Amino acid sequence: MDISSGEDSDISESEMEEYEEKYYEKLKNGNYKIKVSNEKYTCPFCPKKKKQDFLYKDLLQHASGVGKSNSDKRSAREKANHLALFKYLENDLRGTVGSSSSSAAAAAEVEDPLSGCDHDEKIVWPWTGVVVNIPTQKLEDGRSVGGSGSKLRDELIRRGFNPLRVHPLWNYRGHSGTAVVEFRKDWPGLHNALSFEKAYEADHHGKKDWFANNGVKEGLYAWVARADDYKSNTIIGEHLRKIGDLKTVSELMEEEARKQDRLVTNLTNIIETKNKHIQEMEQRCSETSKSLEALMEEKDNLSQAYNEEIKKIQVSARDHFQRIFSDHEKLKSQLESHKKDLELRGVELEKREALNESERKKLAEELEENAVQNSALHLAALEQKRADENVMKLAEDQKRQKEELHNRIIQLEKKLDQKQALELEIEQLRGSLNVIRHMGDEDDIEVLEKVDASLKELREKEAELEDLEALNQTLIVRERKSNDELQDARKELINGLKEISTRSQIGVKRMGELDSKPFLEAMKRRYNEELAEERASEVCSLWEEYLKDPDWHPFKRIKLEGGEEYQEVIDDEDEKLRDLTDQMGIEAYKSVTSAIKEINEYNPSGRYIISELWNYGEGRKATLKEGVTFLLKLWDNAKRKRGMT
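Residues numbered from 1 in each chain as written. Predicted model: local features only at pLDDT ≥ 70, side-chain atom pairs only at ≥ 80, totals over all residues. Heavy atoms only, no water.

Looking up the chain in an unreviewed UniProt entry gives the name XS domain-containing protein, with the organism given as Gossypium darwinii.

The structure is reproduced here in structure tokens:
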């Protein structure tokens with residue numbers, strides 16, 4: 001349905017919003033035909049336009065471009081109609097586009113930004129657009145002034161073209177009424193540039209329309225810069241030759257393919273190296289596991305052999321002492337009975353001495369015999385004494401065996417843990433106690449009491465050891481918890497100081513961040529300011545990738561004087577650092593080496609930038625106490641200022 005003839009009269013700017021809502025309702029009610037087929041759409045408000053069929057995305061750009069156009073050729077009614085169409089396409093028709101085959105075409109267009117582009121046509125790269133007929137105003141001194149580039153850039157961003165910046169061109173007369181629009185260097189940037197050109201062509205404000213001799217030109221005209229613009233002797237051509245080059249899409253695709261091949265090759269080499277390293281680590285782990293298993297088996301064998309040997313020694317000692325003590329008891333009882341017999345015979349002989357002389361002689365003879373027997377008895381007593389000495393000697397031998405056994409226990413403690421050694425010593429002392437108890441001598445009661453006291457003290461020590469182990473575990477858990485809390489507090493403090501823009505003595509430093517100022521200064525000596533900034537950004541990005549590469553380690557180890565310790569320092573013979581010094585100068589070299597030192601110190605494994613609490617006054621890592629003190633000072637100052645206001 002076309003616009004009725006009764007609505008030919010234009011409307012005022014204040015009525016545009018009401019008019020837009022009116023036609024939006026008509027579009028929702030189906031009063032106008034928009035969808036031609038599953039893939040094609042038409043603009044109901046441009047009936048005389050030659051191009052009647054649009055893709056959904058192209059129709060969306062057309063409606064946005066006409067509705068938001070600043071051209072005086074577009075009436076307020078026409079702008080309101082197209083704004084209503086844009087609103088209808090965005091709010092009501094977008095959901096139906098995804099279910100039809102047009103979604104595939106739109107997806108293909110997004111995925112392939114080079115569709116519809118001549119790959120052999122030379123285009124200015126980085127992708128650049130040209131805007132002409134920008135309104136200017138002459139001053140009293142004859143110079144011209146115009147709108148800022150940021151305002152035009154914001155307008156293009158709202159229309160969906162996503163430019164990086166808009167640079168108005170000035171000459172000796174002031175604003176030339178022209179500007180260049182810079183887009184991203186990648187393929188989406190080319191797609192945005194071509195969409196930018198198509199939108200102005202659809203609005204009859206493209207390059208052909210600008211150079212056509214059809215009367216006065218009103219509004220902005222724009223297109224993508226190509227070879228004729230680059231080679232022209234105008235202010236546009238001079239600027240384009242300063243900021244870019246002429247390249248074809250095919251050349252850029254070949255260059256990108258070469259870079260991609262190099263990247264794939266490098267990544268393949270890195271993967272192979274990592275796989276070899278993983279295999280070596282797996283082999284080492286396997287060997288270590290086998291060695292540990294062998295050591296555990298050897299430990300078990302030694303423990304079993306030791307236990308068996310201890311049992312044999314205990315049984316042998318018990319049997320030996322049992323035999324000695326039984327023989328000693330027998331000999332002692334025999335001597336006691338013999339002594340009593342001799343005493344009785346002595347009493348009888350004394351009674352007979354008073355009877356007669358003859359018997360006295362006999363008694364003297366018997367006394368002599370008794371003396372001999374006493375002598376023999378004395379010898380037996382001496383023999384008993386020797387037996388007692390032998391018993392003491394055996395006891396000393398037993399003590400020496402205990403000491404040897406104790407020494408063997410100490411040697412075994414090196415192979416067994418402390419708890420097993422302690423339990424083993426208790427069992428040995430129990431065995432020794434049993435041996436002493438079997439001796440049964442009343443004189444050894446004191447020894448038994450001492451052994452019992454030692455056992456009791458040993459048990460107390462064992463209990464104290466277990467308490468100390470429990471206390472140690474508790475302290476370890478508390479220490480870990482405290483360390484975790486301190487680390488969390490440090491992270492929160494760092495996050496808090498990040499939001500404070502002031503940079504005083506205490507602040508947050510990004511460890512491993514590359515300083516771009518030396519690179520920019522080096523590029524300014526070669527190029528103009530704008531091109532130097534771009535070249536410096538590219539070089540900084542390249543060196544940031546070098547810093548992240550784990551295979552680049554420009555350090556060497558040197559031996560410290562007066563010791564066997566080594567220290568890592570920067571390798572000045574590194575090829576990349578030497579090239580950097582030759583091309584960029586010593587300041588760029590200092591920036592890179594400072595960043596790689598910080599990464600090597602604070603994050604050698606991850607090799608990415610981390611934030612750290614920093615004492616700028618002393619050039620070192622700040623303590624948590626210093627950070628909290630500084631934050632409290634800031635808070636006090638802020639509170640004092642609020643109190644003053």
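## Overview of the overall build of the chain
Secondary structure assignment for the chain yields 18 helices and 13 strands. Across the 645 residues of the chain, 31% fall into the buried class. Taking all contacts inside the chain whose residues are at least 6 apart in sequence as the whole, residues at least 24 apart take part in 63%. (Helix = DSSP H or I, 4+ residues; strand = E, 2+ residues; numbered from the N terminus. Buried < 20%, exposed > 50% of the residue type's maximum accessible area, 1.4 Å probe, protein only. Contact = heavy atoms within 4.5 Å.)

## A short note on the pattern of salt bridges
Summed over the entire model, instances satisfying the criterion amount to 13 salt bridges. Taking the shortest distance from any N to any O, the salt bridge between Arg226 and Glu121 comes out at 2.6 Å. Separated by 105 residues along the polypeptide, Arg226 in the loop between strand 7 (221–224) and helix 8 (227–231) and Glu121 in the loop between helix 4 (102–111) and strand 1 (122–125) bring together distant segments of the chain. With a shortest N-O distance of 3.7 Å, Glu573 and Arg578 are connected by a salt bridge. Salt bridges sharing common partners tie together Glu121, Glu197 and Arg226. (Salt bridge = Lys/Arg side-chain N within 4 Å of Asp/Glu carboxyl O.)

## Some remarks on the packing of helix 14 (residues 517–524) against helix 15 (residues 529–548)
For the pair helix 14 and helix 15, the least separation of the axes is 8 Å and the interaxial angle reads 135°. As judged from the angle between their axes, helix 14 and helix 15 are oblique. For helix 14 against helix 15, the interelement crossing comes out right-handed. Taken together, the residues of helix 15 that come into contact with helix 14 (itself represented by Phe519, Leu520, Met523 and Lys524) are Ala532, Glu533, Arg535, Ala536, Val539, Cys540 and Trp543. A per-class count over the contact of helix 14 with helix 15 returns eight nonpolar, no polar and three charged. (Axes fitted to C-alpha atoms, helices over the stretch in contact; angles between N-to-C directions. Parallel < 35°, antiparallel > 145°, perpendicular 65-115°, else oblique. Left-handed = near helix turned anticlockwise from the far one by under 90°. Nonpolar A, V, L, I, M, F, W, Y, C, P; charged D, E, K, R; others polar.)

## A closer look at a nonpolar patch on the surface
A cluster of nonpolar side chains, Leu139, Val145 and Trp170, forms an exposed patch at the surface whose accessible area comes to about 270 Å². Considering the arrangement of structural elements, one finds Trp170 in strand 5 (residues 165–171). Its relative accessible area of 44% is what places Trp170 among the partly exposed residues. (Patch = residues over 30% accessible without salt bridge, like charges linked within 9 Å, V, L, I, M, F, W, Y side chains within 5 Å. Areas by Shrake-Rupley, 256 points an atom, 1.4 Å probe, with all protein chains shown as cover.)

## Section: the side chain of Ser144
Mapped onto the elements, Ser144 comes out in strand 4 (residues 144–146). Relative accessible area serves as the criterion here: at 9%, Ser144 is assigned to the buried category. Ignoring anything within four residues of it in the chain, the contact list for Ser144 reads Thr136, Gln137, Lys138, Trp170, Arg173, Gly174 and His175.

## Quick notes on helix 5 (residues 149–158)
Taken together, the buried positions of helix 5 are Gly149, Leu152, Glu155 and Leu156. Down the axis of helix 5, the buried side of the element spans an arc of 125°, and every buried residue falls inside it. Among the exposed residues of helix 5, those pointing more than 90 degrees away from its buried face are Lys151 and Arg158. Its buried side turned inward, helix 5 meets strand 2 (128–132), strand 5, strand 6 (174–182) and helix 6 (187–202). (Arc of directions from axis to C-beta.)

## Examining the pairing of strand 7
Because side chains alternate across strand 7, one face comprises the buried residues Tyr221 and Trp223, and the other comprises Ala222 and Val224, equally buried. Sheet topology places strand 2 next to strand 7; four bridges connect them, and they run antiparallel. Bridge pairing in strand 7 places Val131 opposite Ala222. (Pairing = 2+ DSSP bridges.)

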